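Spelled out, the chains give:
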Amino acid sequence: MKRNLLRTGVDAIVRMSSTRANYWAEVALDVTLCLVLLVEGWLHRSGSLTSLLALALGLLAFSFIEYFFHRWMFHTRIPLFEQGHRMHHAQPLGYDSLPFFLPSAVLLCLTGLLVLVMPLGVALLMAGAMTFGYIAYGLSHFTIHHVRFQQPLLRRWAASHHVHHYHPDSNFGVTTPLWDVLLGTRYVRQPRQG
């Protein structure tokens, strides 16, 4: 009985996670969290240079987290991660995402850990920048799949992710190619023979 109830709950969350309402509820919740973290971090800051470094470090940390999850979690055999990501590769225009409450819950836990090891203002600014990075990632990914860009630089940026859908062992970064370049997973077109 408990197993059926648990399975029913998990199935309901999976169904909810593929809806537009879930996607936009997550964006709204994440934006709210980001603003709260950044405002509180600014109010508790300990200097302009330190604050700017915290913001930059938060964005850099998020870019690696994005790469890490995409490469080593979404493209593995861990069912929770792999199943949803496989669905995205099959239907890239879908609204498949995490349950709206999960990213904010994880970001709040991460904020708590940062507060334990660094000054409050620095921790909040860093967490706010990481949250901003996550929002930028989500909106970028959505835009890449739903917009046909005319501007050449934006077309190349979007094409980098589209290549990933044909060569899933490369181009794991969506917002930046930094970690693909540093870790050797950037797709390089092979010259044609003949």
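Residues numbered from 1 in each chain as written. Predicted model: local features only at pLDDT ≥ 70, side-chain atom pairs only at ≥ 80, totals over all residues. Heavy atoms only, no water.

## A word on the overall build of the protein
Phase 1: Scanning the protein from N- to C-terminus turns up 8 helices and 0 strands.
Phase 2: Across the protein, helices and strands are ordered from the amino to the carboxyl terminus as α-α-α-α-α-α-α-α.
Phase 3: When burial is assessed residue by residue, the protein has 32% of its 194 residues classed as buried.
Phase 4: In the protein, once contacts between residues fewer than 6 apart in sequence are set aside, the share between residues at least 24 apart is 70%.
Phase 5: Surface exposure of the protein reaches about 12400 Å², of which carbon and sulfur atoms provide 69%. (Helix = DSSP H or I, 4+ residues; strand = E, 2+ residues; numbered from the N terminus. Buried < 20%, exposed > 50% of the residue type's maximum accessible area, 1.4 Å probe, protein only. Contact = heavy atoms within 4.5 Å. Areas by Shrake-Rupley, 256 points an atom, 1.4 Å probe, with all protein chains shown as cover.)

## So, the packing of aromatic side chains
Phase 1: Within the structure shown, the criterion is met by 15 aromatic pairs.
Phase 2: Seen in terms of ring centroids, phenylalanine 64 and phenylalanine 68 are 6.4 Å apart; in terms of plane orientation they differ by 40°. Their pairing is tilted. Within this pair, phenylalanine 64 and its partner phenylalanine 68 are both found in helix α3 (residues 48-73), separated by 4 residues, close to a single helical turn.
Phase 3: Here phenylalanine 64 falls in the partly exposed class, since its relative accessible area comes to 32%.
Phase 4: With centroids separated by 5.4 Å and ring planes inclined at 85°, the aromatic side chains of phenylalanine 100 and phenylalanine 101 adopt a geometry described as edge-to-face.
Phase 5: Assessed through its relative accessible area of 29%, phenylalanine 100 is described here as partly exposed.
Phase 6: An aromatic cluster is defined as three or more aromatic residues linked by ring pairs; in this entry it consists of Phe64, Tyr67, Phe68, Phe69, Trp72, Phe74, Phe172 and Trp179.
Phase 7: The ring centre of tryptophan 42 lies 4.1 Å from the NZ or CZ of arginine 45, which sits over that ring. (Phe/Tyr/Trp six-rings, centres within 6.5 Å; stacked < 30°, edge-to-face > 60°. Lys NZ or Arg CZ within 6 Å of the ring centre and 35° of its normal.)

## Comments concerning the layout of surface pockets
To find leftover empty space, one rolls a probe the size of a water molecule over the atoms.
Phase 1: In this structure, the second largest pocket encloses a volume near 320 Å³.
Phase 2: Along the wall of the second largest pocket there are 16 residues; nearest its centre are Arg156, Ala159, Ser160, Asn171 and Arg186.
Phase 3: For the lining of the second largest pocket, the class distribution of residues is 7 nonpolar, 6 polar and 3 charged. (1 Å grid on protein atoms, 1.4 Å probe; cavity = no way out; pocket = protein on both sides within 12 Å on 5 of 7 lines; lining within 4 Å. Points joined across faces, edges and corners; volume = space filled by probe spheres on them. Nonpolar A, V, L, I, M, F, W, Y, C, P; charged D, E, K, R; others polar.)

## Re the nonpolar core
Phase 1: The biggest cluster of nonpolar side chains holds 16 residues, and the ones touching the most others in it are Leu37, Phe62, Leu114, Met130 and Tyr137.
Phase 2: Of all the secondary-structure elements, those providing two or more residues to this core are α2 (20-43), α5 (102-117) and α6 (120-146).
Phase 3: The leading source of residues in this core is α6, at 8 residues.
Phase 4: When sequence neighbours within four positions are dropped, the list of residues in contact with tyrosine 137 reads Phe62, Glu66, Val174 and Thr175. (Core = buried A, V, L, I, M, F, W, Y, C linked by side-chain atoms within 4.5 Å.)

## Some remarks on the packing of α2 against α5
Phase 1: Relative to each other, α2 and α5 sit at 20°, their axes nearing to 9 Å. With respect to α5, the axis of α2 lies roughly parallel. Residues Glu26, Leu29, Asp30, Leu33 and Leu37 of α2 form the contact with α5, whose participating residues are Pro103, Ser104, Leu107, Leu108 and Thr111.
Phase 2: A class-by-class count of the residues in the contact of α2 with α5 yields 6 nonpolar, 2 polar and 2 charged. (Axes fitted to C-alpha atoms, helices over the stretch in contact; angles between N-to-C directions. Parallel < 35°, antiparallel > 145°, perpendicular 65-115°, else oblique.)

## Digging into a nonpolar patch on the surface
Phase 1: A cluster of nonpolar side chains, Leu57, Leu60, Phe64, Phe68, Phe69, Trp72, Leu178, Leu182 and Leu183, forms an exposed patch at the surface whose accessible area comes to about 750 Å².
Phase 2: Going through the elements one at a time, α3 and α8 (178-183) are the ones with two or more residues in the nonpolar patch.
Phase 3: It is α3 that contributes the most residues to the nonpolar patch, 6 residues altogether.
Phase 4: Inspection of the secondary structure puts leucine 178 in helix α8.
Phase 5: According to the relative accessible area criterion, leucine 178 is partly exposed, its value standing at 33%. (Patch = residues over 30% accessible without salt bridge, like charges linked within 9 Å, V, L, I, M, F, W, Y side chains within 5 Å. Salt bridge = Lys/Arg side-chain N within 4 Å of Asp/Glu carboxyl O.)

## Overview of α2
Phase 1: The terminal C-alpha atoms of α2, which comprises 24 residues, lie 35 Å apart, in line with the 34 Å expected from a rise of 1.5 Å per residue.
Phase 2: For α2, the complete set of buried residues consists of Asn22, Tyr23, Glu26, Val27, Asp30, Leu33, Cys34, Leu37 and Gly41. (Expected span 1.5 Å × (residues − 1).)

## What about the confidence of the model for the protein?
Phase 1: In this model, the protein carries a mean pLDDT of 87, and residues with pLDDT of at least 70 account for 87%.
Phase 2: Highest mean pLDDT in the protein belongs to α8 (96); lowest belongs to helix α4 (residues 79-90) (65). (pLDDT = per-residue confidence, 0-100.)

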